[in-house]
Each structure stands twice: as C-alpha cells, then as structure tokens.
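Per-entry structural report
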Amino acid sequence: PLFGSTRWVIGQWKEESKASPFVAQRFDNGVFHITVQNNDKREVVAAAPGNYNASYAFFTPGFRLELESENAPRDRVEFANALIDFETRSAEGAIDVPAYKRAIEEQDLDKFPFIADRPDYRNSDTFRIVKLGENPVLPNPTDGWVNMRYRIKGGRDGTGFLEVWANGEFIVRVEGAIGSDAFDGDTQYFKIGHYRDIESAFGWATVYVDNFKRGTVRDHVD
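Because the structure is predicted, anything quoted here is derived from the model rather than measured.

**Points about the layout of surface pockets**
For the largest pocket, the calculated volume is near 1,700 Å³. Elements that contribute at least two residues to the lining of the largest pocket include exactly strand 1 (8-15), strand 6 (148-153), strand 7 (155-166) and strand 9 (188-196). A total of five residues in the lining of the largest pocket trace back to one element, the largest contributor, which is strand 6. Residues belonging to the lining of the largest pocket are distributed by class as follows: 28 nonpolar, 11 polar and seven charged. Of the volumes computed, that of the second largest pocket is approximately 200 Å³. If you trace the second largest pocket, you find it lined by Gly133, Glu134, Asn135, Val137, Leu138, Pro139, Ala166, Asn167, Glu169, Phe170 and Ile171. The leading source of residues in the lining of the second largest pocket is strand 8 (residues 169-178), at three residues.

**Notes on unusual backbone geometry**
One non-glycine residue, Asn167, adopts positive backbone phi at about 50°. Turning to its location among the elements, Asn167 is positioned in the loop between strand 7 and strand 8. Taking the relative accessible area as the measure of exposure, Asn167 reaches 43% and is therefore partly exposed. Here the phi dihedral of Asn211 falls at roughly 55°; this positive angle occurs in a residue that is not glycine. Tracing the backbone shows Asn211 in the segment after strand 9. Take Asn211: its relative accessible area is 63%, and that puts it in the exposed class.

Reading the values: rules and limits
- Residues numbered from 1 in each chain as written.
- Predicted model: local features only at pLDDT ≥ 70, side-chain atom pairs only at ≥ 80, totals over all residues.
- Heavy atoms only, no water.
- 1 Å grid on protein atoms, 1.4 Å probe; cavity = no way out; pocket = protein on both sides within 12 Å on 5 of 7 lines; lining within 4 Å.
- Points joined across faces, edges and corners; volume = space filled by probe spheres on them.
- Helix = DSSP H or I, 4+ residues; strand = E, 2+ residues; numbered from the N terminus.
- Nonpolar A, V, L, I, M, F, W, Y, C, P; charged D, E, K, R; others polar.
- Buried < 20%, exposed > 50% of the residue type's maximum accessible area, 1.4 Å probe, protein only.

Listed below in structure tokens is the structure:
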C-alpha cells in the first residue's frame, strides 16, 4: 500500500549489535530509498521517484486545498509544502535530476517528505558521498522488478564503503566510517523481508524477492 507514514525496512545489513542497520533498503510511504548509517548519524543516499501524491493519500480529501486552514496540523502542512516544492517534474513525470542530486548531497530532507522517522537523520562528517551516477535515481519497484547490486564493506576506521547499482546503472558510492561502535563480534549479516512499525492504515502488504545472491567477488552475484 502506498500510504501510511511508517518506518519500513525491506533489506538491511547489520552487525552483531542492537544498533540500526548500517545500510538499509527502505520503503517508507511507498517510496523506495537507501540509507547509510554511522552510530546515530543516518543519511539518505538514493531514492526512487515513487508516487508522492498516492503516498499521502491518507490525508483527508481536499487537504492540499486547505493548507492555510487553522485546523490543518502543522506537520502535515510542512510535509505537503515540501511535497509541492519537490514536485518539479518534466511533462513525462521524471524527477528534476540536478535538484535531486543537490538534495542528496546537501541532505535536504525537506525534499524527501516520505521519510517516516526524521529525527533519526543527521548529517554525518564521518562518511561522505564521493560519487553520484549520471542519473542516480532509483527505479520504482511498484512499476516492475528492480535488480539491485551492492558492494559493501563496513568499517569503523574510515575504510568502509558502499557502492550501489540498480538495473545495471551506477547509483552512488559512499566512503568513510560505516557501522556502530556498539558491535559485539566480527560478523556482518544481511536480513530481508518485512520489518516495519505497526501502522493500522496498512492492513497487509507483499514484497516479492527473487535471485538473491551473496559473494566475495562480482562473479558470485551477477
């Protein structure tokens, strides 16, 4: 369902700790995006277009026409204003790529109103986005199958990195300290499936996963 402001993880790389995943595939409000984390610093490094209007379908009918109303909750007004601000689309409905890149590089969360647990997002000076692809917008998984490939190395000494490809196209590379000081062992592991906060508006949901592979070299996963 493309509604309901709830934290929703559909794939996560973790350490032997109770810390948040250091890399996560997320689907808050029906918008696919990827986050990287170091201790309590989390950033969005890639996002799909999504259907932002449908994502906020739980707003009352005509809500966007009543933004100036005294009865409109402030947080919804802010989200809707941010939503309208980022709806700079071409006639074909594509994202304004330069504006999208700036939002990623500057971590301008107002441009990503779908994020559910916004207080957990903080700019980090321990890792950095070192390269964005020519068109680093993730495919929308509600439009069809998406083939994701990740190259990941967690690390507390600044040598960690993440590289992401989607449907064969390079998306982003991140470098620096990635992970948590709270780790209690050498194991890093991957979890896949539904993991989200309870949200009564959701009802039910299904995620389809196929051809999952892990390996130490690219030939193992292609």
